[in-house]
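# Structural features, examined
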Amino acid sequence: MLSRKGLIPEDYLLTRLAEDVLPPKFKAKQRKARFVGKNGTCNVAHTNIREQGRFLQDVFTTLVDLKWLHTLIIFTMSFLCSWLLFGMIWWLVAFAHGDLDQRGDDFIPCVTDIHSFSSAFLFSIEVQVTIGFGGRMITEECVSAIIILIVQNIVGLVINAIMLGCIFMKTAQAHRRAETLIFSKHAVISLRNSKLCFMVRIGDLRKSMIISATVRMQVVRRSTTEEGEVVPLDQIDIHMDNPVGTNGVFLVSPLIICHVIDKSSPLYELSPEDLQHQDLEVIVVLEGVVETTGITTQARTSYVSEEILWGQRFVPTVSEDDGMYAVDYSKFGNTVKVPTPCCSAKELEEAGGVARLKLNESVTARPCVRRRRAAGTVRRSRTESK
């Protein structure tokens, strides 16, 4: 982890590597807890779950979700318990048939060379893992021994399938691939095509692509309905204007995901001042299919009010060099200040847009210049008369 952290610049955020966010220059009020962390973890604690038996109905998923230590303990204990159980059964079969007593050469036991529980336990291991050292073997004397042999083989195959499949799924989990899907540490709001836009940058560090990649955004905030009902975590989907025109993205190089703040946007009435005083959180979710494994993966991050920069734009990261396109990841999270109106999108639209706003500013500035010129001519005439 240290070597990987040293190789990766600190200007962007890994989805599974938490980084400290720069503290704001102003002193904001204490906000609520984050719904989704910067590293993609959901900050939700499930308590008072009474129906615990539902987890046992889906044993495989429960085993996959466990920690590695618990999984290895269950893996070891499942084999040991099955060997001990069937070892006891083989010892009982030998005891019931009289195989433990020393008989003559004409006596045929159910299982040869079983003299104690230790030998029965060893025979149980040989049967289940199909080792077969050759010293102990089953005979045709006992039908019950043949049935137990069949049952133990089936039980052993089931345990192997479940435990090996569980370990395979834990090693090939989708969130491992999500570690190389990155998001910009900050989001920005600036003008694009004369409209206020909320923008974030996403990227993929691997050469193997994410197939059918889609990006979704949600605004999570506290809201109150018309009936007075308080919704503490109101999730509102917001429409995005992706570079390719749809939700699907071709994530070969870093892309800037843009959301046009219009009338249907929950950020429509948001101004720079309101942004610093609202408990607002924007969640960005990137989903897709891993090209090498075919497993669906998901990477998440969130941006609170302090991490949204007003009036800034991302710098370009892609350049053409010797007939190839080169991506400079050291500039992934860099932003520059650009002229941006210090008003909400609603106020900007009511003012007639950016062009009308600039025109009004120029109209209001011209009378000030004319007054200064007029005042200057009056002063010159006065001095000349004196």
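Cut-offs applied
Residues numbered from 1 in each chain as written. Predicted model: local features only at pLDDT ≥ 70, side-chain atom pairs only at ≥ 80, totals over all residues. Heavy atoms only, no water. Disulfide = S-S within 2.5 Å. Helix = DSSP H or I, 4+ residues; strand = E, 2+ residues; numbered from the N terminus. pLDDT = per-residue confidence, 0-100. Contact = heavy atoms within 4.5 Å. Axes fitted to C-alpha atoms, helices over the stretch in contact; angles between N-to-C directions. Left-handed = near helix turned anticlockwise from the far one by under 90°. Expected span 1.5 Å × (residues − 1). Buried < 20%, exposed > 50% of the residue type's maximum accessible area, 1.4 Å probe, protein only. Parallel < 35°, antiparallel > 145°, perpendicular 65-115°, else oblique. Nonpolar A, V, L, I, M, F, W, Y, C, P; charged D, E, K, R; others polar. Phe/Tyr/Trp six-rings, centres within 6.5 Å; stacked < 30°, edge-to-face > 60°. Lys NZ or Arg CZ within 6 Å of the ring centre and 35° of its normal. Salt bridge = Lys/Arg side-chain N within 4 Å of Asp/Glu carboxyl O.

This brings us to the state of the cysteines. One covalent bond between the sulfur atoms of two cysteine residues makes up a disulfide. Enumeration according to the criterion identifies one disulfide in this entry. With its sulfur 1.6 Å from that of its partner, Cys110 forms a disulfide with Cys142. Its S-S torsion of about -45° marks the bond between Cys110 and Cys142 as left-handed, since a negative value means left-handed. Of this pair, Cys110 sits in the loop between α4 (68-97) and α5 (117-128) while Cys142 sits in the loop between α5 and α6 (143-171), placing them 32 residues apart in sequence. Between Cys258, a cysteine without a disulfide, and Cys197, which holds the nearest cysteine sulfur, the sulfur-to-sulfur distance is 3.5 Å.

Right, let's talk about the confidence of the model for the chain for a bit. Put simply, the chain has an average pLDDT of 77, and 76% of its residues get 70 or more. Overall, residues 1-8 carries pLDDT values under 50, and its contacts beyond four positions in sequence, including any with other chains, amount to seven contacts. For residues 362-386, every residue scores under 50 in pLDDT, and the model assigns this stretch zero contacts once sequence neighbours within four places are set aside.

Let us look at the packing of α5 against α6. A pair of packed helices is characterised by two quantities: the angle between their axes and the separation of those axes. It is at 9 Å that the axes of α5 and α6 come closest, and there the two elements cross at 60°. Remark: the crossing between α5 and α6 carries right-handed chirality. Of α6, the residues touching α5 (which contributes Ser124, Val127 and Gln128) are Leu149, Gln152, Asn153, Gly156 and Ile159.

Quick look at α4 now. In a regular helix each residue adds 1.5 Å, so 30 residues correspond to 44 Å; α4 covers 44 Å between its end C-alpha atoms and thus fits that length. Those residues of α4 that fall on the buried side of the exposure criterion are Thr71, Phe79, Ser82, Trp83, Phe86, Gly87, Trp90, Val93 and Ala94. Contacts from the buried residues of α4 go to α3 (59-65), α5 and α6. One or two steps after α4, the chain reaches Gly98, where phi turns positive at roughly 85°.

Interaxial distance between α4 and α5 falls to 8 Å at its minimum, and their mutual angle equals 120°. One finds that α4 runs oblique with respect to α5. In the packing of α4 onto α5, the handedness of the crossing is right-handed. Residues Phe79, Ser82, Trp83, Leu84, Phe86, Gly87, Met88, Trp90 and Trp91 of α4 pack against Phe117, Ala120, Phe121, Phe123, Ser124, Ile125 and Gln128 of α5. Looking at the contact of α4 with α5, its residues break down into 12 nonpolar, four polar and no charged.

What follows concerns the packing of aromatic side chains. According to the stated counting rule, one finds five aromatic pairs in the structure shown. Both rings, one in Trp90 and one in Phe123, keep their centres 4.9 Å apart while their planes meet at 85°; by these two values the pair is edge-to-face. Pair noted here: Trp90 is in helix α4 and Phe123 is in helix α5, with a separation of 33 residues, a long-range link. In this pair, the class of Trp90 matches that of Phe123, namely buried. For the pair Tyr329 and Phe332, a centre-to-centre distance of 6.2 Å together with 25° between the ring planes defines the contact as stacked. One cation-aromatic arrangement involves Lys170 over Trp68; the distance from NZ or CZ to the ring centre is 5.2 Å. If you follow Arg201 out to its NZ or CZ, it ends over the ring of Phe332, 5.9 Å from the centre.

It is worth spelling out the pattern of salt bridges at this point. Opposite charge on two side chains permits them to pair, given that their charged atoms come into close proximity. Applying the stated rule across the entire model yields four salt bridges. Linking Arg136 and Glu126 is a salt bridge whose minimum nitrogen-to-oxygen distance equals 3.4 Å. On the criterion of sequence distance, the pair formed by Arg136 in the loop between α5 and α6 and Glu126 in helix α5 is long-range, its members being 10 residues apart. Judged by its relative accessible area of 21%, Arg136 is partly exposed. Glu287 is the salt-bridge partner of Arg216, the closest N and O atoms lying 3.4 Å from each other.

Once that is clear, we can look at α5. Under the 1.5 Å per step criterion, the end-to-end length of α5 is 16 Å for 12 residues, consistent within 8% with the ideal 16 Å. Here α5 lies mainly inside the structure; nine of its 12 residues are buried. Buried residues along α5 sit in contact with α4 and α6. Once α5 finishes, Thr130 follows within two positions and takes phi at roughly 50°, a positive value.

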